[in-house]
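Below, each chain spelled out in residue letters.
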Amino acid sequence: MSEHQRQSGGPTRVDTQVAHNARVWNYWIGGRDNHEIDQKVGDQVASMFPVIREVARADRAFLGRAVRFLADERGVRQFLDVGTGLPTLDNTHEIAQRIAPESRIVYVDNDPVVLVHARTLLTSTPEGATDYVDADVHDPDSVVRRAAATLHLTRPVAVMMLGILNFVLDTDRARGIVRTLMSAVPSGSYLVVTHPTTDADLGGQGNVEAMRFWNDNATPPITARTRAEVTSFFDGLDILAPGLVSCAHWRPDAVSDSAVTVPQFGAVAVKP
């Protein structure tokens, strides 16, 4: 286990005067790693777009189902979790290593808020490995280079990009990031994505005003995308059943007619 620190070596500064996505998201899922400003902005967004708390919980539940599916049913033993966010219960390495103790996981984020808590992620079974890389998703070559210290990139890797591409505001650039990451891993690797949408069939219209408020009052700025735009991230990959769906409906643990449809796409694809 190791922790790659910032190249500057200077202290990590966390601004507690401006609401921050990692902390607000933590607040919405019931965590404690947040501040008054995060709660205030989080409550305002929720008053404008009440389903947002369901989105946060559904996204987290999707992560658990996706990791279990890949580790248990697909035999994946390596995970590159890009944009990991604040640690909470059942992080990627904990889920994967319960199924396969030899699993190797690299978390990637460049958020000082997350870096403060990174040591929570640096636990591992003796058979496996866990690492945290302080790197920016906008520099995918650096992500790949530094992840290679822990992952064997000649063997399949599950590239996890949950709620991170929505912070890459230019869609062409977001596609390029995905292409770079997936070109670095071999056939039999997987791409796992969640992404917010304004598409009406998922109830996403309310995202428009809520995101506008967010971008005026919090950081970092965010964008939603259409089904077609999110689908384009999987170009050259084979999307597995049930396809690109509301993340709450992706291989649910129990089928229920009353399941909430959240405006957050989720999908898993394999590299041929």
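We now turn to the structure provided with this report. The shown structure was predicted, so the numbers you read here are calculated from the model rather than taken from an experiment. (Residues numbered from 1 in each chain as written. Predicted model: local features only at pLDDT ≥ 70, side-chain atom pairs only at ≥ 80, totals over all residues. Heavy atoms only, no water.)

Here we come to empty space enclosed by the protein. Left-over empty space is what a probe sized like a water molecule reveals as it rolls over the atoms. For the structure on display, the rule yields 1 cavity of 30 Å³ or more. Approximately 30 Å³ is the volume found for the largest cavity. Around the largest cavity, the lining residues are Leu80, Val144, Leu153, Val157, Leu181, Ala184 and Val185. A per-class count over the lining of the largest cavity returns 7 nonpolar, no polar and no charged. (1 Å grid on protein atoms, 1.4 Å probe; cavity = no way out; pocket = protein on both sides within 12 Å on 5 of 7 lines; lining within 4 Å. Points joined across faces, edges and corners; volume = space filled by probe spheres on them. Nonpolar A, V, L, I, M, F, W, Y, C, P; charged D, E, K, R; others polar.)

Space inside the largest pocket adds up to approximately 960 Å³. What lines the largest pocket is a set of 50 residues, among which Asn21, Ala22, Gly163, Asn166 and Phe167 lie closest to the centre. Where the lining of the largest pocket is concerned, the elements lending two or more residues are α1 (21–28), α3 (52–73), β3 (78–82), β4 (104–109), β7 (190–196) and α8 (207–217). Looking at the lining of the largest pocket residue by residue, the classes come out as 28 nonpolar, 16 polar and 6 charged. (Helix = DSSP H or I, 4+ residues; strand = E, 2+ residues; numbered from the N terminus.)

Attention shifts here to the nonpolar core. Core analysis: the largest hydrophobic core is formed by 81 residues, its most contacted members being Leu70, Phe79, Leu80, Met161, Leu191, Phe234 and Val268. Take this core: its biggest share by element is 11 residues, from α3. (Core = buried A, V, L, I, M, F, W, Y, C linked by side-chain atoms within 4.5 Å. Buried < 20%, exposed > 50% of the residue type's maximum accessible area, 1.4 Å probe, protein only.)

This part is about helix α4 (residues 92–99). Among the residues of α4, Thr92, His93, Ile95, Ala96 and Gln97 are the ones counted as buried. Where α4 is buried, its residues contact α3, β3, β4 and β5 (129–134). (Contact = heavy atoms within 4.5 Å.)

Our focus in this paragraph is the packing of α3 against α4. Two quantities define a packed helix pair, namely the angle between the helix axes and the distance between the axes. Relative orientation of the contacting elements α3 and α4 amounts to 30°, with a least axis distance of 9 Å. Seen from above, α3 lies across α4 with right-handed handedness. Here Leu63, Gly64, Val67, Arg68, Ala71 and Asp72 of α3 come into contact with α4, specifically with Thr92, Ile95, Ala96 and Ile99. Residue classes in the contact of α3 with α4 are distributed as 6 nonpolar, 2 polar and 2 charged. (Axes fitted to C-alpha atoms, helices over the stretch in contact; angles between N-to-C directions. Left-handed = near helix turned anticlockwise from the far one by under 90°.)

In a regular helix each residue adds 1.5 Å, so 13 residues correspond to 18 Å; helix α2 (residues 36–48) covers 19 Å between its end C-alpha atoms and thus fits that length. Within α2, burial applies to Asp38, Val41, Gly42, Val45 and Ala46. Seen from one end, α2 has its buried residues packed into an arc of 140°, which puts them on one side. Away from its buried face, by an angle of more than 90 degrees, α2 presents the exposed residues Glu36 and Lys40. Buried positions along α2 lie against β2 (19–20), α1, α3, α8 and β8 (218–219). (Expected span 1.5 Å × (residues − 1). Arc of directions from axis to C-beta.)

It is worth spelling out the pairing of strand β6 (residues 158–162) at this point. Residues in a regular strand project their side chains so that they alternate between the two faces of the sheet. Burial runs high along β6: 5 of the 5 residues are buried. Taking every second residue as pointing to the same face, both faces of β6 are buried, with Ala158, Met160 and Leu162 on one and Val159 and Met161 on the other. Pairing of β3 with β6, which is carried by 3 bridges, proceeds in the parallel orientation. Among the inter-strand pairings, Asp81 is bridged to a residue of β6, identified as Met160. (Pairing = 2+ DSSP bridges.)

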